[in-house]
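Close look at the chain arrangement
The chain contents come next:
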Amino acid sequence: MDKPTDDTAWISCPPEDVEVPRRSENQNWTPSFWAILKFMCLFYHRVVVPRKRVCFSCSVDRFRKRSRAGVVKRPERYDAELDPLLVAHEYPDAGNEPHLWDVESRGEMSPLVAQPGPCPVCDALWWNRDGVTERYTEREIGNYCHVFAGVGRWNHRGSGALSSLLLLSALTLITYDIVNFMTQLWGQPDLILKLMKKMTLYIVLLVYPLLSLCSKLRSLLTSRTPSFQWASALNARYLVKQAQVLDIGNKGLPQKLFFLFCMATPLLTAVYRFLIFTVISGCGFRTTTILTSIVGIIFNQAFGLYLYLFHLLRVSFQRQFNLLTLYFRDHEGEERRCRGAFFSTVVDFHCFKGLVNLSIFVMFPAFVFAISSNLTYQYMLANSPCITQNPLNMNISHHNLRLAWSEIILSLGSYLVAIGGIQVDYVFNNFVTNLLHLRSSKHRIFWNTLIRDINHVTQDSYFYLVTIIFSFISIFLAFNFSSQDVTDLVVCNTTSFICV
């Protein structure tokens, strides 16, 4: 069977007895995917699917031609044009090429599946779940840039400004709340444990809006933020490119049960918190309590979906590395082709890895301190007469402990399930192990060069060391509370404290 040349480009030409991978039956992606991007304020660019995707090598060639022609005159553009992540996700329509809606408005829409280009590495940027080069447009996947077409309303004009404004408002609200309870609890020895427990909760909730806003700054400032490469993982273009190998059009979101879990658990914990502050404590229903509960639900839902995005990206990279392994097997010895496809995937993976490492750096010390402080607080309850002798105070304290433990267990458990462990290095390590199994003596020079390149791009992370140091500090601070006066640390008038 000859390799097709009309509208698809297979990784290799399959035998006659093997079913040929076909074009996806349903390319219209599930609205749940676009709803997640909208709720998470991830839209920034007007177009999330570019007309063309160019590999880094072709981008460098095009940049050299433009430089010789005098098109690029500003030196500050050099870093932007030669940054692989910026080329892939910030400047996909570089070179003064018309955007998708401009092309269609003139009646020049290209075919739904364009002819494979001359560069096989550029074709690899459009792989679907079967490793088939399958180009698509925003109309096909359900996000066409017209307000009356499909679900294009998710990414309407002004979505970028709206997303940035909502994220900035969320950060302002969290900062105001932190300052508010800091002024109430700071400097009071009997409330220090309550202060630290609230801080751990707000640190976790602060992670996503802060990192997402950094992603918007990355898209806005481009080459002026070279240390924000990890922020491209929260770019809608990046997420769409990674989701294309998951067959969302036919199968929907991956791991739907985990998605429902990430949606339901924040809601249940928020309802439980609302019941503690209204019914169990006897404070009654008040406007401030209701508004605080609603805002808490929104922030908890955002954190749950943030963890689900981790899971979606992790699964997509596992699939992509499997396709890349088959690609190396079928094109063994073709160094330029294999190296180009390898580096395009690894650059995106290191972007995702950087985002995970930064999240670990912030969240894990907070988790460790929350566990230590709750253990300390639980032992203090048994030795505090003002709690044990008052049934209402005892009931409220126990419910607070159950709520705290449920939030810690659900959040930490969701993170471990989403990542499949503590870090995502194992995804890349499994890929390298598979390549070593494919290594043959027939193409020894090819494999030696490839292994050398792999060792070069394998980056050692110091986040483990920093996280461990902060975790030990958190443990020391939490258990050091036990050496203080228990009566002063425990809030004896629990009801009045909650109702304030």
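Before going into details, it helps to say that this report is about the structure given with it.

Regarding the nonpolar core
The biggest cluster of nonpolar side chains holds 89 residues, and the ones touching the most others in it are Phe33, Phe310, Phe328 and Phe428. In this structure, Phe33 is in contact with Leu239, Val240, Ala243, Ile248, Leu253 and Leu312, ignoring residues within four places of it in sequence. Residues Ala170, Ile174, Phe181 and Leu185 belong to the second largest nonpolar core, which totals nine residues.

Focus on unusual backbone geometry
Note on backbone geometry: most residues besides glycine have negative phi, and most peptide bonds are trans. One non-glycine residue, Cys41, lies in positive phi territory at about 60 degrees. Mapping Cys41 onto the fold places it in the loop between α1 (31-39) and α2 (56-69). Of note in the backbone geometry, Asp247 takes a positive phi value of approximately 55 degrees without being a glycine. Under the relative-accessibility criterion, Asp247 is labelled buried at 8%.

Looking at the side chain of Ser212
Inspection of the secondary structure assignment puts Ser212 in helix α9 (residues 192-221). Residue Ser212 is classed as buried on the basis of its relative accessible area, which comes to 0%. Setting aside anything within four residues of it in sequence, one finds Ser212 in contact with Met40, Cys41, Leu42, Leu167 and Leu234.

Considering the packing of aromatic side chains
With the rule as written, the count across this model stands at 29 aromatic pairs. Between Phe364 and Phe367, the ring centres sit 6.3 Å apart and the planes meet at 80 degrees, which makes this aromatic pair edge-to-face. One end of the pair is Phe364 and the other is Phe367, both in helix α14 (residues 335-382) and three residues apart, which spans about a single turn. Taking the relative accessible area as the measure of exposure, Phe364 reaches 16% and is therefore buried. In this structure, Arg53 packs its charged tip against the face of Trp126, placed 4.2 Å from the ring centre. Across the ring face of Phe181, the terminal group of Lys198 is positioned such that the distance to the ring centre comes to 5.2 Å.

Brief notes about helix α8 (residues 159-185)
Taking 1.5 Å per residue as the helical rise, α8 with its 27 residues ought to reach 39 Å, and the 39 Å between its terminal C-alpha atoms agrees with that figure. Here α8 has its buried residues at Ser159, Gly160, Ser163, Leu167, Ala170, Leu171, Ile174, Ile178, Phe181 and Leu185. Of the residues trailing α8, Gly187 is marked for its positive phi of about 85 degrees.

Structural notes on the pattern of salt bridges
Scanning the model with the defined rule gives 10 salt bridges in all. For Asp123, the salt bridge identified is with Arg135, shortest N-O distance 2.7 Å. Highlighted residues: Asp123 in helix α6 (residues 120-124) and Arg135 in the loop between α6 and α7 (138-141), separated in sequence by 12 residues. Comparing Asp123 with Arg135 shows no difference in burial state: the two are buried. Its salt-bridge partner being Arg339, residue Glu335 comes within 3.3 Å of it at the nearest N-O pair. Highlighted residues: Glu335 and Arg339, both in helix α14, separated by four residues, approximately one helical turn. Exposure remark for Glu335: the relative accessible area of 31% places this residue in the partly exposed category.

Focus on a nonpolar patch on the surface
A cluster of nonpolar side chains, contributed by Phe39, Leu267, Val271, Leu275, Val279, Phe285, Ile290, Leu291, Ile294 and Ile298, occupies part of the molecular surface with about 880 Å² of accessible area. If you list the elements that add at least two residues to the nonpolar patch, you get α12 (256-280) and α13 (287-330). For Leu267, a relative accessible area of 37% corresponds to the partly exposed category.

Thresholds, definitions, all that
- Residues numbered from 1 in each chain as written.
- Predicted model: local features only at pLDDT ≥ 70, side-chain atom pairs only at ≥ 80, totals over all residues.
- Heavy atoms only, no water.
- Core = buried A, V, L, I, M, F, W, Y, C linked by side-chain atoms within 4.5 Å.
- Buried < 20%, exposed > 50% of the residue type's maximum accessible area, 1.4 Å probe, protein only.
- Contact = heavy atoms within 4.5 Å.
- Helix = DSSP H or I, 4+ residues; strand = E, 2+ residues; numbered from the N terminus.
- Phe/Tyr/Trp six-rings, centres within 6.5 Å; stacked < 30°, edge-to-face > 60°.
- Lys NZ or Arg CZ within 6 Å of the ring centre and 35° of its normal.
- Expected span 1.5 Å × (residues − 1).
- Salt bridge = Lys/Arg side-chain N within 4 Å of Asp/Glu carboxyl O.
- Patch = residues over 30% accessible without salt bridge, like charges linked within 9 Å, V, L, I, M, F, W, Y side chains within 5 Å.
- Areas by Shrake-Rupley, 256 points an atom, 1.4 Å probe, with all protein chains shown as cover.

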